[in-house]
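Analysis of the macromolecular model
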Amino acid sequence: MSERHTALRSMHDLGLAAWFGGSLMGALGVNGAAARISDSTQRLPVASAGWSRWTPVNAAAIGAHLAGAVGELATESPRMMAQSGVGRMSAVKTALTVGALAVTGYSRLVGMKLQNAGNPPVSGTTEPNYQTPAEVAHRQRQMKVLQWTVPALTGALVVVTAYMGEQQKPGQVFRGMLGRAGGLMGAPMTMGRLAATGARRRMAMAG
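For every chain, the first residue of its written sequence is number 1, and the numbers climb from 1 along that sequence. In view of the model being predicted, local features appear only for residues whose pLDDT reaches at least 70, and side-chain atom pairs are presented and counted only at 80 or more, with totals across whole chains, interfaces and linings using the full set of residues. For side-chain calculations, the full set of non-hydrogen atoms in the structure is used, while hydrogens and water are omitted.

Okay, the overall build of the protein chain next. Across its full length, the protein chain holds five helices and two strands. The secondary structure elements of the protein chain, listed N-terminal to C-terminal, are α-α-α-β-β-α-α. Only protein chains enter the accessibility calculation, which uses a 1.4 Å probe. A residue is then buried if its area is under 20% of the maximum for its type, exposed if over 50%, and partly exposed in between. Here the protein chain holds 207 residues, and the buried ones make up 34% of them. The contact criterion used throughout is that any non-hydrogen atoms of two residues lie within 4.5 Å. Taking as baseline every contact in the protein chain between residues at least 6 positions apart, the subset at least 24 positions apart corresponds to 79%. Only the protein chains shown count as covering a residue, and every accessible area follows the Shrake-Rupley method with a 1.4 Å probe. Here the protein chain displays about 12000 Å² of accessible surface, and carbon together with sulfur accounts for 67% of that area. Elements are defined by DSSP. Helices are runs of H or I of four residues or more, strands are runs of E of two residues or more, and each kind is numbered from the N terminus.

Rendered as structure tokens:
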């Protein structure tokens, strides 16, 4: 419990910070700046170029975060077994990570389709106008949702990570271990009560 895992934690936290911050900045900064270009046919190509330059950095950040997360999961597995609540939060964190990965991957696919759409006239990166082709407008509407879903999920990961950090405080560890021990001790009693109740019901039915 007292061992340090600074490298793993750094990879986890820095990768998540870049993942969250990059997605939020892209939605607000890159897409917002592209919408101010006077030539409506250049708005989408400029935004696509910005996202393309960020993609390799984002992939490295996600890779670092996942490596750190897997390493932390391995080193913290004994505490997950011993401390009540840790396993549940780990499951929540895993679900959020899988969701964020799926949405990030899909948003990149949609972004590539927009990048390959040429120079259609648009109001903004995620806002079509009356001249925008129907297929491009459809992809833009998809991207409008996806661009906010990624920072929402990764932001939730930041919150869950902070909560799990609180669980590592000595007082929280002690109470969690007591809770887990109490739950394990109470399980046989609960099973005994259920068995006794079932026996009484069978006797009543037989009588």
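UniProt positions are given in the numbering used here, feature names are shortened, and annotations may be inferred rather than shown by experiment. The UniProt feature table records "transmembrane region" (unreviewed entry) at residues 145-165 and 177-196. Secondary structure across residues 145-165 comprises 100% helix and 0% strand; the distance between its end C-alpha atoms is 31 Å.

Our next topic: the nonpolar core. Grouped together as the largest cluster of nonpolar side chains are 19 residues, with contacts concentrated most on Trp19 and Leu114. Of all the secondary-structure elements, those providing two or more residues to this core are helix 1 (6-34), helix 2 (43-82), helix 3 (86-115) and helix 4 (134-166). For this core, the element with the highest residue contribution is helix 4, accounting for eight residues. Sequence-distant contacts of Trp19, defined by excluding residues within four places in its chain, comprise Asn58, Ala61, Ile62, His65, Thr97, Ala100, Leu101, Thr104, Val150 and Thr154. The nonpolar core is taken to be a set of buried Ala, Val, Leu, Ile, Met, Phe, Trp, Tyr and Cys residues, with the residues joined through side-chain atoms within 4.5 Å.

Time to look at the environment of Pro133. Mapped onto the fold, Pro133 is located in the loop between strand 2 (127-128) and helix 4. A residue is classified by how much of its surface remains accessible, and Pro133, at 38% relative accessible area, is partly exposed. Residues Pro133 and Ala117, spaced 16 residues apart in sequence, show a C-alpha to C-alpha distance of 9.4 Å.

Attention now moves to the environment of Gly68. Note on placement: Gly68 falls in helix 2. As a C-alpha pair, Gly68 and Met11 span 57 residues in sequence and 5.1 Å in three-dimensional space.

Two distance rules govern patches: like charges are joined within 9 Å, and nonpolar side chains (Val, Leu, Ile, Met, Phe, Trp, Tyr) within 5 Å, applied only to residues with over 30% relative accessible area and no salt bridge. Take a side-chain nitrogen of Lys or Arg and a carboxyl oxygen of Asp or Glu: if they are within 4 Å of each other, that pair is a salt bridge. Together, Tyr106, Leu109 and Met112 make up an exposed nonpolar region whose accessible area comes to about 280 Å². With respect to the helices and strands, the residue Leu109 is situated in helix 3.

Take Thr154: it is sitting in helix 4. For Thr154, a relative accessible area of 0% translates into the label buried.

By definition here, a helix of n residues has an expected span of 1.5 Å times n minus one. With 29 residues, helix 1 should cover 42 Å at 1.5 Å per step; its first-to-last C-alpha distance of 39 Å lies within 8% of that length. Maximum bend of helix 1: about 40°, positioned at Gly26. Among the residues of helix 1, His12, Gly15, Leu16, Trp19, Gly22, Ser23, Gly26, Ala27, Asn31 and Ala34 are the ones counted as buried. Think of it this way: the bend at a residue is just the angle between two axes, each fitted to seven residues, one set ending at that residue and the other starting at it.

Here we take up the packing of helix 1 against helix 4. At their nearest, the axes of helix 1 and helix 4 sit 9 Å apart, and the two run at 150° to each other. Between helix 1 and helix 4, the crossing angle belongs to the class labelled roughly antiparallel. As helix 1 packs across helix 4, the resulting crossing turns out to be left-handed. Contacts between helix 1 and helix 4 involve His12, Asp13, Leu16, Trp19, Phe20, Ser23, Leu24, Ala27, Leu28 and Asn31 on the former and, on the latter, Gln147, Trp148, Val150, Pro151, Thr154, Gly155, Leu157, Val158 and Thr161. For helices, the fitted axis covers only the stretch in contact; all axes are lines through C-alpha atoms, and the angles between them, taken along N-to-C directions, range from 0 to 180 degrees. Our angle categories are set so that under 35 degrees counts as roughly parallel, over 145 as roughly antiparallel, 65 to 115 as roughly perpendicular, and the remainder as oblique. Should the near helix be turned counterclockwise from the far one by less than a right angle, the crossing is left-handed, whereas a clockwise turn marks it as right-handed.

In this section: the side chain of Asn58. Tracing the backbone shows Asn58 in helix 2. What makes Asn58 buried here is its relative accessible area of 12%.

Within the element layout of this structure, Ala7 appears in helix 1. It is 7.8 Å that separates the C-alpha atoms of Ala7 and Gly68, two residues lying 61 residues apart in sequence.

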